[in-house]
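Read off the chains here:
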Amino acid sequence: MQLRIFTEPQQGASYDDLLAVAQATERLGFDAFFRSDHYLKMGSVSGLPGPTDAWTTLAGLARETSRIRLGTLVTSATFRNPGVLAIQVAQVDQMSGGRVELGLGAGWYAREHEAYGIPFPEKRFGLLEEQFDVITGLWNTPEGSTFSYAGQHYTVFESPGLPKPVQRPVPLIVGGNGPRRTPALAAKHAAEYNSSFPAKSDIAERFAVVRKACEDAGRDPDSLVYSVALVACVGSDEAEFARRAAAIGREPAEVRANGLAGTPQEVVDGINAVRELGGGRIYLQILDLSDLDHLELIAAEVAPHV
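As recorded by an unreviewed UniProt entry, the protein carries the name Probable F420-dependent oxidoreductase, Rv1855c family and is attributed to Jiangella alba.

Asks: Requested: an account of the UniProt feature "domain: Luciferase-like" (unreviewed entry) in the protein, with residues and values cited.
Replies: Under the present numbering, the feature "domain: Luciferase-like" (unreviewed entry) in UniProt falls on residues 6-247. Secondary structure content for residues 6-247 is 39% helix and 19% strand, and the end C-alpha separation is 17 Å.

Asks: Outline the environment of Arg 256, listing residues and values.
Replies: Considering the arrangement of structural elements, one finds Arg 256 in helix α9 (residues 252-258). Taking the C-alpha atoms as reference points, Arg 256 and Lys 164, separated by 92 residues in sequence, lie 43 Å from one another. Residues within four places of Arg 256 in sequence aside, it is in contact with Lys 200, Glu 238, Phe 241, Ala 261, Gly 262, Thr 263 and Glu 266. Side-chain polar atoms of Arg 256 contact the side chain of Glu 238, separated by 2.9 Å.

Asks: Tell me about the packing of aromatic side chains, residues and numbers included.
Replies: Inspection of the entire model under this criterion finds eight aromatic pairs. These aromatic residues form a ring-pair network of at least three members: Tyr 39, Phe 79 and Tyr 116.

Asks: Any chance you could break down the packing of helix α3 (residues 82-96) against helix α5 (residues 125-140) for me, citing the residues and the numbers?
Replies: For the pair α3 and α5, the least separation of the axes is 9 Å and the interaxial angle reads 50 degrees. Judged by the angle between their axes, α3 and α5 are oblique. Seen from above, α3 lies across α5 with right-handed handedness. Residue-level contacts link Pro 82, Gly 83, Leu 85, Ala 86, Val 89 and Ala 90 of α3 to Gln 131, Val 134, Ile 135, Leu 138 and Trp 139 of α5.

Asks: Describe unusual backbone geometry, and please don't skip the residues or the numbers.
Replies: The step from Leu 73 to Val 74 runs through a cis peptide bond, and the omega angle for that step is -10 degrees. With respect to the helices and strands, Val 74 occurs in the loop between β3 (69-72) and β4 (75-76). Residue Pro 169 is bonded to the preceding Arg 168 through a cis peptide linkage, with omega at 10 degrees. Relative to the assigned elements, Pro 169 resides in the loop between β7 (155-159) and β8 (172-175). Unusually for a residue other than glycine, Glu 158 sits at a positive phi of about 50 degrees. In this fold, Glu 158 is placed in strand β7. Overall, Glu 158 belongs to the partly exposed group, its relative accessible area being 47%. Of note, the phi angle at Phe 197 is positive, near 55 degrees, even though the residue is not glycine. Mapped onto the secondary structure, Phe 197 falls in the loop between β9 (192-196) and α7 (203-216). On the basis of relative accessibility, which here comes to 39%, the residue Phe 197 falls in the partly exposed class.

Asks: Can you break down helix α11 (residues 292-301) residue by residue, with the values?
Replies: Taken residue by residue, α11 has His 294, Leu 295, Leu 297, Ile 298 and Ala 299 as its buried positions. Lining the buried residues of α11 we find β1 (2-7), α1 (15-27), β10 (225-234), α8 (238-247), α10 (264-276) and β12 (281-286).

The rules we used
Residues numbered from 1 in each chain as written. Predicted model: local features only at pLDDT ≥ 70, side-chain atom pairs only at ≥ 80, totals over all residues. Heavy atoms only, no water. UniProt positions renumbered as here; feature names shortened; annotations may be inferred. Helix = DSSP H or I, 4+ residues; strand = E, 2+ residues; numbered from the N terminus. Contact = heavy atoms within 4.5 Å. Polar contact = N/O pair within 3.5 Å; in protein donor to acceptor, adjacent residues only side chain to side chain. Phe/Tyr/Trp six-rings, centres within 6.5 Å; stacked < 30°, edge-to-face > 60°. Axes fitted to C-alpha atoms, helices over the stretch in contact; angles between N-to-C directions. Parallel < 35°, antiparallel > 145°, perpendicular 65-115°, else oblique. Left-handed = near helix turned anticlockwise from the far one by under 90°. Buried < 20%, exposed > 50% of the residue type's maximum accessible area, 1.4 Å probe, protein only.

Here it is as structure tokens:
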């Protein structure tokens with residue numbers, strides 16, 4: 001089971017905070033450092049010093065790390081033109097030596113769009129579908145050839161499709177809970193399907209729907225990685241667990257029920273339960289980015305047993 005560290009910087013983190021977590025992620029043997037792509041805090045936290053841009057952050061981390069995978073869970077299709085995003089991701093892939101993954105979604109947080117003057121159309125899934133088409137079309141166009149595309153939302157005319165990423169292809173991640181269009185999109189484009197913060201009782205069904213979509217598309221369902229993102233809150237004993245739960249504003253019973261939480265053995269059991277359902281990768285949502293001892297504990301007492 002691959003364990004990845006997943007951060008929510010819009011809740012309050014500077015680039016230096018993220019750098020410290022990413023370097024700890026690498027040093028402690030985790031597979032990857034991922035971050036959300038949001039421009040506004042959620043809930044009652046201060047959000048200070050303010051948002052950091054996802055791809056600017058990952059460009060910096062590409063030069064400050066050497067092993068871990070780097071990516072977004074997930075970039076909103078409303079934030080960037082797909083041609084611009086294709087250039088950004090390809091460049092960060094080059095800067096990292098081929099360690100980037102792109103999670104791309106339709107976007108959902110209307111208030112952040114209002115706050116920063118970003119258009120937020122009512123219907124966005126068509127944007128997402130066309131972004132996947134444009135980005136993969138640009139990257140897959142042979143050097144010396146051009147790419148054109150005429151969609152409902154985007155038109156590309158005779159693009160050279162440059163620069164190219166190091167990876168061919170860059171792994172694409174599709175996430176979401178829709179019963180039809182999201183699984184079909186994952187089957188068409190994705191290297192990974194992610195279910196973010198599902199009820200644990202729903203994980204098996206979500207994986208099954210995507211596997212069926214792969215079969216319907218003539219794709220081997222086992223060619224896709226199946227993953228979940230769940231909040232992590234681990235303590236070496238009950239007192240330490242309760243302290244960490246309080247630090248992120250969660251009740252111990254609630255976070256135990258909905259996340260990977262409690263003692264190390266409880267979290268090992270929870271991760272292994274996801275593996276039994278077909279999951280091959282877990283994103284551990286780390287909400288207190290100042291608590292690097294938390295990562296140390298997970299690396300020492302959880303990771304070796306999953």
